[in-house]
Amino acid sequence: MTGPMSSAPAAHAGPDPDEVVRLTQALVRIPSVNRPELGQSERPAAELVAAWMRERGWSPRIEAVAEGRPNVVCALEGDRPGPTLLFEGHTDVVTEGDRAEWQRDPFGAEIVDGVLWGRGSADMKGGLAAMLCAAAALDAERPWPGRIVLAVLADEEGMMLGAKRFVAAGHARGVDAAIVCEPEAGQLCLTQKGAIRARVTAVGRMAHGAMPDRGVNPLPALAGFVAAAAELERRLTTEVGEHPHLGRPYVTPTVLRAGDPAQINVIPGSGTLALDIRTVPGIDHEELIDRLWQAAAQVGRDTRTRLELTVIDDRPPTEIGADEPIARAVALAHRDVVGREPEIGGVPGTTDGTILWRDAGIPVVVYGPGGKWIAHQANEHVAVDELRRCVEIYRRAARRFLEGDLGG
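Residues numbered from 1 in each chain as written. Predicted model: local features only at pLDDT ≥ 70, side-chain atom pairs only at ≥ 80, totals over all residues. Heavy atoms only, no water.

Caption draft 1: Seen up close, a negative patch on the surface. A cluster of acidic residues, Asp284, Glu286, Glu287 and Asp290, forms a negative patch at the surface. Its location among the elements puts aspartate 290 in helix α6 (residues 285–303). Using a relative accessible area of 41% as the deciding quantity, one classes aspartate 290 as partly exposed. (Patch = residues over 30% accessible without salt bridge, like charges linked within 9 Å, V, L, I, M, F, W, Y side chains within 5 Å. Areas by Shrake-Rupley, 256 points an atom, 1.4 Å probe, with all protein chains shown as cover. Salt bridge = Lys/Arg side-chain N within 4 Å of Asp/Glu carboxyl O. Lys, Arg positive; Asp, Glu negative; His and termini not counted. Charge placed at Lys NZ, Arg CZ, Asp CG, Glu CD. Helix = DSSP H or I, 4+ residues; strand = E, 2+ residues; numbered from the N terminus. Buried < 20%, exposed > 50% of the residue type's maximum accessible area, 1.4 Å probe, protein only.)

Okay, structure coming up:
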């Protein structure tokens, strides 16, 4: 990326250790849930990030992904040739849910006893703020080789449209490795689960509930497919076993809809079942999708109902070795700051890193502030000290990676 995305070396004061706290608070106070019916989206958070970048003399590029949903992308050019490192984070957050379950305002960003509370504090505005502040610290301590790309993306919690747009726009070209700054409780995650989202539609024939012989009820077919999904999950677990960092694969029915509108005395003409499938390395997605088709065909024959399978999204699992340069750089930086080697872990869900890996072949590690299991829950929070610590770890990891300083 050259031209408007590139920034010349900026002359400004050194990093402020409290800047990451202030930036995290400012981001958490923006309810960047994608709720177009309420006029809410990532746009205000993206605009805040872009303004913060401009204050440092950088030249961010804002690119629309969907209405009100922009990516912010910026590159910091080093002082001599070298590798390119990508820091990636997202601006969207999930809904806060029932506010009565929160001990504090989910968008208040209060700090109590060294803990910052609020929706997105861990997932992942804390990590986003930390990566930006680490880049600012590096910008202030030149020289260094290569290039740093900052990708602040939309829609990670949905279809990952921001990551897909980032790659499609050509911004991933030349990137040698990526740090995805999601909350992992200090674990260095070298692998993450893949995901397939699918929909099964059973096509029946509408009839009066008192006259079932006059119609074709799609619900028994969908129930049969739920049973087939459970059996497929069991077989996958037997075939690939339990991954040491990711656990088991899952084939999970999540949404069932039938009847429009639903009426108790009406057999619906069709019904749909949604599946959230989580895979581990060793599972071939193309083969798995074929097995889903076979299951749908078998259930259709058994119930005399036509079943149609639609794959909505397909994200492979990612995995790199501990000797990969980016993994080594983060591990050494963690050891430098924390005083011990990081625990190696895996991401139980998926991140934008699956798109970076799938569509651009970029080696990915996931490492960031916040609890591994706190995402999407009420009373989400992150420790302030962890935010500060991550800034320093990101700074050191980037410098080690760019300079090739990967020795003990």
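Caption draft 2: Seen up close, the environment of valine 384. As for its position among the elements, valine 384 is in helix α9 (residues 384–403). When its relative accessible area of 6% is taken as the criterion, valine 384 is described as buried. In this structure, the C-alpha to C-alpha distance between valine 384 and aspartate 18, residues 366 residues apart in sequence, is 9.2 Å. Sequence-distant contacts of valine 384, defined by excluding residues within four places in its chain, comprise Val21, Ile111, Gly114, Val115 and Leu116. (Contact = heavy atoms within 4.5 Å.)

Caption draft 3: Quick look at the pairing of strand β7 (residues 145–153). With nine of its nine residues buried, β7 lies for the most part within the structure. For strand β3 (residues 69–77) and β7, the ladder comprises six bridges, and the chain directions are antiparallel. Residue glutamate 77 lies in a different strand from β7, and its bridge partner there is arginine 147. (Pairing = 2+ DSSP bridges.)

Caption draft 4: The arrangement of the pattern of salt bridges in detail. Counting across every chain of the model gives 37 salt bridges. The partner of glutamate 233 in a salt bridge is arginine 248, with the nearest N and O atoms 3.1 Å apart. Of this pair, glutamate 233 sits in helix α5 (residues 219–240) while arginine 248 sits in the loop between α5 and β12 (250–258), placing them 15 residues apart in sequence. Taken together, the shared-partner salt bridges connect Glu141, Arg335, Asp336, Glu341, Glu392, Arg395, Arg396, Arg399, Arg400, Glu403 and Asp405 into one network.

Caption draft 5: Spatial organisation of the sheet that holds strand β14 (residues 270–279). Sheet architecture is open: four strands sit in the order β12-β14-β10-β15, paired in antiparallel fashion. Strands with a single pairing partner mark the edges of an open sheet, and in this sheet they are β12 and β15 (306–315). Neighbouring strand axes in the sheet, compared pairwise and without regard to direction, differ in orientation by 20° on average. In terms of strand pairing, β12 meets β14 through eight bridges, oriented antiparallel. (Axes fitted to C-alpha atoms, helices over the stretch in contact; angles between N-to-C directions.)

Caption draft 6: Inspection of the side chain of aspartate 155 at higher detail. Note on placement: aspartate 155 falls in the loop between β7 and α4 (161–168). What makes aspartate 155 buried here is its relative accessible area of 6%. In terms of polar contacts, aspartate 155 uses its side chain to reach the backbone amide nitrogen of methionine 159, at 3.1 Å. Once residues within four sequence positions are removed from consideration, aspartate 155 is found in contact with Glu42, Arg69, Asp92, Met160, Leu161 and Gly162. (Polar contact = N/O pair within 3.5 Å; in protein donor to acceptor, adjacent residues only side chain to side chain.)

Caption draft 7: Structural view of the pairing of strand β8 (residues 177–180). Of the two faces of β8, the one lined by Ala177 and Ile179 and the one lined by Ala178 and Val180 are each fully buried. Here four bridges tie strand β4 (residues 80–90) to β8, and the two strands are oriented parallel to one another. The residue bridging leucine 86 from the neighbouring strand is alanine 178, located in β8.

Caption draft 8: Spotlight on the packing of α4 against helix α8 (residues 353–360). Where α4 meets α8, the closest approach of the two axes is 9 Å, and the angle between their N-to-C directions is 30°. It follows that α4 is roughly parallel to α8 by the angle criterion. The chirality of how α4 crosses α8 is right-handed. Residues Ala163, Lys164, Phe166 and Val167 of α4 lie in contact with α8, whose contacting residues are Ile355, Leu356, Arg358, Asp359 and Ala360. Here the contact of α4 with α8 is composed, by residue class, of six nonpolar, no polar and three charged. (Parallel < 35°, antiparallel > 145°, perpendicular 65-115°, else oblique. Left-handed = near helix turned anticlockwise from the far one by under 90°. Nonpolar A, V, L, I, M, F, W, Y, C, P; charged D, E, K, R; others polar.)

Caption draft 9: Quick look at the side chain of lysine 372. Along the chain, the position of lysine 372 falls in the loop between β18 (364–366) and β19 (381–383). Overall, lysine 372 belongs to the buried group, its relative accessible area being 16%. Side-chain polar atoms of lysine 372 contact the side chain of glutamate 184, separated by 3.0 Å. Separated by 2.5 Å, the side chain of lysine 372 and the backbone oxygen of glycine 346 make a polar contact. Contact partners of lysine 372, with chain neighbours within four places excluded, come to Pro183, Glu184, Ala185, Gln187, Cys189, Gly346, Val347 and Pro348.

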